[in-house]
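Residue-level structural notes
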Amino acid sequence: MFDADNPKLWLYHCESYFEMCSLDSSIWIPLAPMHMNGPVARWFQSVEDKLRSAVWSDFSKLRMDRFGREHKELSIR
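Predicted model, so just to flag it, every value in this text is computed and none were measured. (Residues numbered from 1 in each chain as written. Predicted model: local features only at pLDDT ≥ 70, side-chain atom pairs only at ≥ 80, totals over all residues. Heavy atoms only, no water.)

**What about the nonpolar core?**
Formed by 19 residues in total, the largest nonpolar core has its most connected members in Trp10, Ile29, Met36, Phe44, Leu51, Trp56 and Phe59. Excluding residues that lie within four positions of it along the chain, Trp56 makes contacts with Leu11, Cys14, Glu15, Phe18, Trp28, Ile29 and Ala32. (Core = buried A, V, L, I, M, F, W, Y, C linked by side-chain atoms within 4.5 Å. Buried < 20%, exposed > 50% of the residue type's maximum accessible area, 1.4 Å probe, protein only. Contact = heavy atoms within 4.5 Å.)

**Here we look at the side chain of Arg63**
Secondary-structure assignment places Arg63 in helix 4 (residues 56–76). Although Arg63 is buried, it forms no salt bridge, and the closest oppositely charged side chain is Glu15 at an N-O distance of 7.8 Å. Discounting residues that sit within four places of it in the chain, Arg63 has contacts with Phe2, Pro7, Trp10, Leu11, Met36, Trp43 and Gly68. (Helix = DSSP H or I, 4+ residues; strand = E, 2+ residues; numbered from the N terminus. Lys, Arg positive; Asp, Glu negative; His and termini not counted. Salt bridge = Lys/Arg side-chain N within 4 Å of Asp/Glu carboxyl O.)

**Regarding the environment of Leu11**
Looking at the secondary structure, you find Leu11 in helix 1 (residues 7–20). On the basis of relative accessible area, Leu11 is assigned to the buried category, the value being 8%. Distance from Leu11 to Trp56, taken between C-alpha atoms, is 10.0 Å for residues 45 residues apart in sequence. Setting aside anything within four residues of it in sequence, one finds Leu11 in contact with Trp56, Phe59, Ser60, Arg63 and Met64.

**Looking at the confidence of the model for the chain**
Model confidence for the chain is summarised by a mean pLDDT of 86, while 88% of its residues fall at 70 or above. Confidence scores differ between elements of the chain, with helix 4 showing the lowest mean pLDDT of 76 and helix 2 (residues 28–31) the highest of 94. (pLDDT = per-residue confidence, 0-100.)

Now the structure itself:
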């Protein structure tokens, strides 16, 4: 589950799992919110319309733009 902690690791786990299961990349984004909690789930709802025609790399960039900076700042502290 992703709850805004370590966004790069979560992406890595998702990609590894999806590839291991030989899932078509077109369903990766619809599957992702099943593994989100709290503020991340609410964020996904707020950008869901933007993601209707997006690919995984677009989704990954949006997530890292939103949660990666915050995680980096916490790590520095």
